[in-house]
Amino acid sequence: MSASQSVLSRKEWNSRYFGRALVGAFIVAGLGISPAQTWPDKNTATPDLVQTDFGSNGSLLPMDGGDYCGPTSATMAIGYLYNAGFTQLFNSAPDDAAYLNLVKVLGGLAGTSDSGGTYSTGTLSAIETYLSAKGISPANRFITNPNDGNHLTLTEIANENIEQNFLIAVIGWYYEEDGVFYRDGGHFVTITDQDVANGTLTLHNPYPNALLDEPNLPAYVQQTVNMVDFVATNSNTNPSLGNATYLQFDTDEVGPTLSGQGILEQVFKIRVDASQLPSSGFVPQDWVIDAERKLATGGGTLTVETKVTGSGGIKKQDEGEVIFTREVTLTGDHSIEGGGLVSEVSTGHAFGTGSIDLSGTGRLAFRPTGSGQAVNLAAASHANDGSSDGSAVSFSGANEIELDRGANTSLEVTLGGNSGNGISNLSQSGTSPTLVISANDLGGTEKLKIAGSGANLPTVTSNMVSANIVGSSGTQKEGHFLTYDEDDGFIHATTTTGDINVATSTSIYETDTAQELTGDVSVQALSVKGTTVTGGDETLSVGSNSSSQPAGVILNGGTISTQTLAFGASQAAIYASKDGGTINSEIIGSGGLVKFGKGDLILNGSSSAFSGDSYVNEGSLVLSAPGTWAGAADTISVRTGATLKVEEGTTFAGTTTAASSGTVLLTGGTLGTLELQSSTSSAGPVQGASFQGYGTITGDVTLNGYLGGYEGSGTLTIDGLVTADSGAAYIWSLDELMDDTDGQAGVDWNTIDFTNSEATFGSSEDTISFLFDFGTGLDPNSGNAFWATDHLWTLFTFSGRSSANHRVYMDFPTSAFPAGNFDYYHVDNTIVLSFTAVPEPSALGLALLATALFSLNRRRSSRRQPR
């Protein structure tokens, strides 16, 4: 593991997480600054934040926050600056939700990874970016260069830890072998005070148990620790610290011998000039971007409070939004791979003049503030000059463009700069692109127009643009097929209503009353609004039967129950606006399927004559038909934020892949091969994919995300092999306080049965993180009497073997519970999870020494984890 590192945001497993209270943030009221500029005391004005205590056991951060020390320490530093008077750093007095949002944002900006944590360079860069977004320019701030390598004495720290300066420190975890100290991880803390005479440092430690035998709770964040010197040479540390004297933490368990403990490697200073105080007349300075700027926000929201200018562009990654409150005049191109760029301006350029490439789950949103105005905005507006192409907007993923005029009289947005050169200003590519244009009055008071004429404009066939471009409106995001008008931009397509039996192959048919086919019917596109289309033995055909043109179906809560629903060679593009959209028909086609829209699409019919790769771009696709879905050679790809659910009796024998933050949910069904894609990438931090549920996986599993955790326990049977990377995690759910004595694995908690004789779960090189999912108020910190005694739970069974010895490699990165310690071991061919309670002081007796030694081993193991 690398040294100064921290984690990422994991997908909430189900809706109950959103009902669990946020904890872990001690809110400090804003402190006024006197004219004499008296700065507040850092010990009391710094918020007490625990990286593993946002949500139940850290569940609102990835890997339960176990590697989020860098972003959490930086958030505490920014929280202090807010309380020192720099109130522009938060929109209002920060609460738990605001602190959680900032931890996510800083984690995203820093490139935090659940397999490597956060590097010092990333943490400091994230702080710089955040200050720039708030209008504090490099000329008005100071942040230590991460390459300075400063190794400060207590006296030097005291000289730096003054006024509004804030110090963030990196601890390196070391263990000793044959006189050499080897580094195996790191940890960030903030320094709030020091006592040179007595040799102590006072810290705000986001993982209290990393240094002292204290629980990871806000009351223990502030810690005062004795410091001693450690003299490093080129040969006594690995990697070498160089010839220097460092400060070493001298606690009861971390003595001067440095066996399994920490060195204060670097101390970074953050300072904002007093001239930037709002009380001193602060004026936001422009944020100048002259190269590509990656903005990943970790699922949080970054609000940019100043004008953005320069020749560069923005690469938006992962989920969450970047909101621009002022005009953006960037001339470079933008790439939006995930999350959204949001403009709140009411005049001029929303995002600058360069081209905009939407991929993944990228989206654009136009939300002008103000009221009573006729707002006109442009995006990607650089015009061609005859010798070059102009700017344009393209989409290749599950993309969206949102228009919301708010309190203004109207909003008109024009995209693109090509004119008369035959180049489209809105183009699409890829295997499953979809675009949703969200507006409550599209073509009326909210218009999305495309620049130019002729071939610069969207292609319209039979009075409709491509079926994979739909409009949505209202709180239910009800879908509409679209056409294009040069005066009004995208508008609702003219539809055919009434008796479906008189519709033709050129009809864009829409019904809001029940219809029954009396014979086979063909339509160009079909929209069902909260009603049914039935038809005995009849076939309903949709689309042109051309592989180059998708066939469109919109289900606004409706149901199709004809004998057959046929798409021919066309890809079936099915938009479901809300839950309840159902197809009971047998689906026939060779072009595969793409599901989009926020709602559920439930497929209850057989698919023996259906083939082609399928894509879940948004919402949920539910396979509920008895038998086999599609062919074994086909794939189902689940995009970020989307869900595939396979219910009991349904088998998909092909390959299922889930992208970052995508979810595969098995409720008794059967899958072939499963690939949960990586939670990290070279392009920036992303959230690992998730698998939940029970049933059978007949093929191999590639686990580069999260496995387990489901409200409704069961047994997952895996017949193939599991290959995991260092960012993989297993989530164990316990919703009732019972164990092997009064409960049953696979009934009262989730379990896995590995049937392959060669199966393993993790490896010595790539251990799997064990994460806890306790029901509300049931975790060991709850004080429940259940945790005052020892417990055992059967976790895994290796039914293909007689012994489970050396088959499982897991660790407990966030398991510091004061009530006791978790561990696991094998019994024959099973793996058992154990909890050993820590006795009350009156009950310690002669068992104290043995218990302390056991606890020490577990704590030392966990201390190398927080980064």
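Cut-offs used in this document
Residues numbered from 1 in each chain as written. Predicted model: local features only at pLDDT ≥ 70, side-chain atom pairs only at ≥ 80, totals over all residues. Heavy atoms only, no water. Helix = DSSP H or I, 4+ residues; strand = E, 2+ residues; numbered from the N terminus. Contact = heavy atoms within 4.5 Å. Areas by Shrake-Rupley, 256 points an atom, 1.4 Å probe, with all protein chains shown as cover. Buried < 20%, exposed > 50% of the residue type's maximum accessible area, 1.4 Å probe, protein only. Pairing = 2+ DSSP bridges. Axes fitted to C-alpha atoms, helices over the stretch in contact; angles between N-to-C directions. Core = buried A, V, L, I, M, F, W, Y, C linked by side-chain atoms within 4.5 Å. Salt bridge = Lys/Arg side-chain N within 4 Å of Asp/Glu carboxyl O. Expected span 1.5 Å × (residues − 1). pLDDT = per-residue confidence, 0-100. Left-handed = near helix turned anticlockwise from the far one by under 90°. Nonpolar A, V, L, I, M, F, W, Y, C, P; charged D, E, K, R; others polar. Phe/Tyr/Trp six-rings, centres within 6.5 Å; stacked < 30°, edge-to-face > 60°.

**Q** A description of the overall build of the protein should follow, citing residues and the corresponding values.
**A** Within the protein one finds 7 helices and 64 strands. Of all intrachain contacts in the protein linking residues separated by at least 6 positions in sequence, the fraction that spans at least 24 positions is 57%. Looking at the protein as shown, the accessible area adds up to about 29700 Å², and 47% of this sits on carbon and sulfur atoms.

**Q** Explain the pairing of strand 56 (residues 715-718) residue by residue, including any values.
**A** Burial along strand 56 is one-sided: the residues Leu 716 and Ile 718 are buried and none of Thr 715 and Thr 717 is. As paired elements, strand 53 (residues 690-697) and strand 56 share 3 bridges and run parallel to each other. When the bridges of strand 56 are listed, Ile 697 appears paired with Ile 718. Summarising the sheet, strand 56 and strand 59 (residues 751-754) pair through 4 bridges and their orientation is parallel. Counted as the bridge partner of Ile 718 is Phe 754 from strand 59.

**Q** With reference to specific residues and values, describe the sheet that holds strand 24 (residues 398-403).
**A** The strand order across the open sheet built from 9 strands is 13-16-18-21-24-27-29-30-31, with neighbouring strands paired in mixed fashion. Because the sheet does not close on itself, it has two edges, and the strands there are strand 13 (301-304) and strand 31 (489-492). Sheet twist, expressed as the mean angle between neighbouring strand axes with direction ignored, is 25 degrees. Bridge count between strand 18 (residues 340-343) and strand 21 (residues 363-366): 4 bridges; the pairing is parallel. In the strand pairing of strand 21, Gly 340 is matched with Arg 363.

**Q** I'd love a proper account of the environment of Thr 667, names of residues and values included.
**A** When you line up the elements, Thr 667 lands in strand 50 (residues 663-676). Counting along the chain gives 19 residues from Thr 667 to Glu 648, while the straight-line C-alpha distance between them is 5.9 Å. Once residues within four sequence positions are removed from consideration, Thr 667 is found in contact with Lys 645, Val 646, Glu 647, Glu 648, Tyr 694 and Tyr 710.

**Q** How would you summarise the nonpolar core if you had to cite specific residues and measurements?
**A** In terms of nonpolar packing, the biggest core is built from 90 residues, with Phe 366 and Phe 490 touching the most fellow members. Residues within four places of Phe 490 in sequence aside, it is in contact with Leu 426, Ile 437, Leu 442, Gly 443, Leu 448, Ile 450, Pro 458, Val 465, Ile 469, Leu 482, Thr 483 and Tyr 484. Counting residues in each nonpolar core, the second largest holds 86 residues, with Ile 587, Phe 786, Met 810 and Ile 831 among its members.

**Q** Please provide a residue-by-residue account of the pattern of salt bridges, values included.
**A** Applying the stated criterion across every chain, the model contains 13 salt bridges. The partner of Lys 315 in a salt bridge is Glu 337, with the nearest N and O atoms 3.6 Å apart. Taken as a pair, Lys 315 in strand 15 (residues 314-317) and Glu 337 in the loop between strand 17 (334-336) and strand 18 lie far apart in primary sequence, 22 residues in all. Among the salt bridges present, the one from Glu 321 reaches Arg 367, with a minimum N-O distance of 2.9 Å. Separated by 46 residues along the polypeptide, Glu 321 in strand 16 (residues 321-324) and Arg 367 in the loop between strand 21 and strand 22 (374-379) bring together distant segments of the chain. Look at Arg 367 and you get partly exposed, because its relative accessible area is 23%.

**Q** How would you sum up helix 3 (residues 69-83)? Please name residues and give values.
**A** Since the α-helix packs 3.6 residues into each turn, any two residues three or four apart lie on the same face. Between the first and last C-alpha of helix 3 there are 21 Å, a value that for 15 residues agrees with the 21 Å anticipated at 1.5 Å per step. Counting buried positions along helix 3 yields 15 of 15 residues, so the element is predominantly enclosed. Directly after helix 3, the chain includes Gly 85, whose backbone phi takes a positive value near 115 degrees.

**Q** Can you explain the confidence of the model for the protein? Please cite residues and give values.
**A** Here the protein averages 88 in pLDDT, and 90% of its residues register 70 or above. Contacts for the low-pLDDT stretch residues 1-35, under 50 throughout, to residues beyond four places or in other chains number 156 contacts.

**Q** Account for the sheet that holds strand 19 (residues 348-349), with residues named and values stated.
**A** Taken in spatial order, the 4 strands line up as 19-22-25-28 in an open sheet, and their pairing is parallel. Each edge of the open sheet carries a strand with a single partner, namely strand 19 and strand 28 (446-450). Of the pairings in the sheet, the one linking strand 22 to strand 25 (residues 410-415) comprises 6 bridges and is parallel in character. Bridged to Val 375 within strand 25 is Leu 411.

**Q** How would you sum up helix 4 (residues 96-110)? Please name residues and give values.
**A** Between the first and last C-alpha of helix 4 there are 21 Å, a value that for 15 residues agrees with the 21 Å anticipated at 1.5 Å per step. Counting buried positions over the 15 residues of helix 4 gives 12, a clear majority of the element. Along helix 4, the residues that are buried comprise Asp 96, Tyr 99, Leu 100, Leu 102, Val 103, Lys 104, Val 105, Leu 106, Gly 107, Gly 108, Leu 109 and Ala 110. Once helix 4 ends, the next one or two residues include Gly 111, with phi positive near 75 degrees.

**Q** Which residues make up the packing of helix 4 against helix 5 (residues 120-133), and what are the values?
**A** As a packed pair, helix 4 and helix 5 sit with axes 8 Å apart at the nearest point and diverge in direction by 115 degrees. Pair helix 4 / helix 5 crosses with right-handed handedness. Contacts between helix 4 and helix 5 involve Leu 102, Leu 106, Leu 109 and Ala 110 from the first element and Gly 122, Thr 123, Ala 126, Ile 127, Thr 129 and Tyr 130 from the second. For the contact of helix 4 with helix 5, the per-class residue count stands at 7 nonpolar, 3 polar and no charged.

**Q** Break down the packing of aromatic side chains for me, with residues and values.
**A** Summed over the entire model, instances satisfying the criterion amount to 39 aromatic pairs. Considering the side-chain rings of Phe 90 and Tyr 99, the 5.8 Å spacing of their centres and the 80 degrees angle between planes classify their relative orientation as edge-to-face. Judged on exposure class, the residue Phe 90 and its partner Tyr 99 are both buried. Geometrically, the ring pair formed by Phe 351 and Phe 366 is edge-to-face, given 5.4 Å between the ring centres and 65 degrees between the ring planes. In this pair, Phe 351 is assigned in the loop between strand 19 and strand 20 (356-358) and Phe 366 in strand 21, connecting sequence segments 15 residues apart. For Phe 351, a relative accessible area of 1% puts it in the buried group. Assessed through its relative accessible area of 0%, Phe 366 is described here as buried.

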